[in-house]
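Residues per chain, in single letters:
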Amino acid sequence: MSIISSAPAAMETTGLTHRHGRGRRAALALEDCSFRVPAGSVCALVGPNGAGKSTLLRIVAGLIRPDGGAVDVLGAAPGTHRDRVGYLDQAQPLYGHLSIADTLDLGARLNAGRWDAAYAARIVEEGSLDPGRRIRGLSGGQRTRVALALTLGKRPDLLLLDEPMAELDPLARQQLMGLLLADAAENGTSILLSSHIVSELAYSCDRLLLLDDGRMRLGGSVEELLAAHTVVTGRGTDLSPHTVIESHPTGRGLTALIRPRGPLADTWQTQEPTLEELLLAHLRASGSPAFLTPEMSGGSAAAA
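These figures come from a predicted structure and were not determined experimentally.

Draft legend 1. Looking closely at the overall build of the protein chain. Check the secondary structure of the protein chain and you find seven helices and 14 strands. On C-alpha atoms alone, the protein chain measures out to a radius of gyration of 21 Å, which is about the 19 Å that the 2.2 N^0.38 rule sets for 304 residues. Considered along the principal axes of its C-alpha atoms, the protein chain spans approximately 65 × 40 × 40 Å. A separation of at least 24 residues holds for 70% of the contacts in the protein chain among residues at least 6 apart in sequence. As displayed, the protein chain has an accessible area near 14,400 Å², and 50% of this comes from carbon and sulfur atoms. Put simply, the protein chain has 29 plus and 33 minus side-chain charges, and the middle of one group is 7 Å from the middle of the other.

Laid out in structure tokens, this is it:
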């Protein structure tokens, strides 16, 4: 049965498809991706290199057009509300010859009407940065803070981040993630964050999307996704009617990640998987059915 959430969405796609290149050399980057990100959520977009994460974010940001499907961003086509969408990629394109102050002044000129100078300056000050320092002399963490100040200073309703903290040390990542979470809590900003750092997502993001080989494999709140899966260990082999994502021998028995469909036999020991176990199992089991909770299903529920 198809169930569609009536909660407002920050962004939603239906049947999204995109190819890199043209003709015989065209490579499929996204295929039939349907999902939604509820407004006000902090959602992680995860997947291996080449899964299509950057392409997806660039489409949502209105920087490239898809080859098929529909995309809705803040109730309109991508690029319609550029003033309400903040986008930051891993390259953090800043002008190295400018000072921090000059960079923020540039942000004010480019975002007239929505720019919050005091907020942008506060983000810089909280990093103990001298506004007179040039961008080229900053460390990676300092550059990321300035880039976030430039992006958040426009007070976006939707923030798209493509691996912005990949090269930072754990302390810098924690500090800047705290900045993002505080902004989401204070201003209701919706955030879609591409990340490889799975271990930090469980306590920093409330929702998650897993993209693999251009297809959406998982989608839902972190709590719901973990609750919908179980790790079982035992000497049995029959796990029907449960959906088996992955299984492997353990000693004389079997360990498997499943989505239970009813009660389990008493012969099985059970425990909740970690988020990392869940994601890795789905990535290894490329043929397992997709699972998106109704609020994340994007036009038609894909929960299996």
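Draft legend 2. A look at unusual backbone geometry. Cis geometry marks the peptide bond from Ser240 to Pro241; its omega dihedral reads 5 degrees. Positionally, Pro241 belongs in the loop between β10 (230–234) and β11 (243–250). Its identity is not glycine, yet Ser128 carries a phi of approximately 55 degrees, on the positive side. Inspection of the secondary structure assignment puts Ser128 in the loop between α3 (117–125) and α4 (140–152). A positive phi angle, close to 55 degrees, is found at Asp213, a residue other than glycine. As for its placement among the helices and strands, Asp213 is situated in the loop between β8 (207–212) and β9 (215–221). Among the residues examined, Asp213 registers a relative accessible area of 63% and is labelled exposed.

Draft legend 3. Focus on the sheet that holds strand β7 (residues 190–194). The strand order across the open sheet built from seven strands is β5-β6-β7-β3-β8-β9-β14, with neighbouring strands paired in mixed fashion. Looking at strand neighbours, the two that pair on one side only are β5 (85–88) and β14 (291–292), the edges of this open sheet. Relative to β8, strand β3 (residues 42–46) runs parallel, the two being bridged by four bridges. Each bridged residue has a counterpart across the sheet, and for Val46 the counterpart in β8 is Leu210.

Cut-offs and rules
Residues numbered from 1 in each chain as written. Predicted model: local features only at pLDDT ≥ 70, side-chain atom pairs only at ≥ 80, totals over all residues. Heavy atoms only, no water. Helix = DSSP H or I, 4+ residues; strand = E, 2+ residues; numbered from the N terminus. Rg over C-alpha atoms; globule rule 2.2 N^0.38 Å. Contact = heavy atoms within 4.5 Å. Areas by Shrake-Rupley, 256 points an atom, 1.4 Å probe, with all protein chains shown as cover. Lys, Arg positive; Asp, Glu negative; His and termini not counted. Charge placed at Lys NZ, Arg CZ, Asp CG, Glu CD. Buried < 20%, exposed > 50% of the residue type's maximum accessible area, 1.4 Å probe, protein only. Pairing = 2+ DSSP bridges.

Nothing here speaks to function; it is all geometry.
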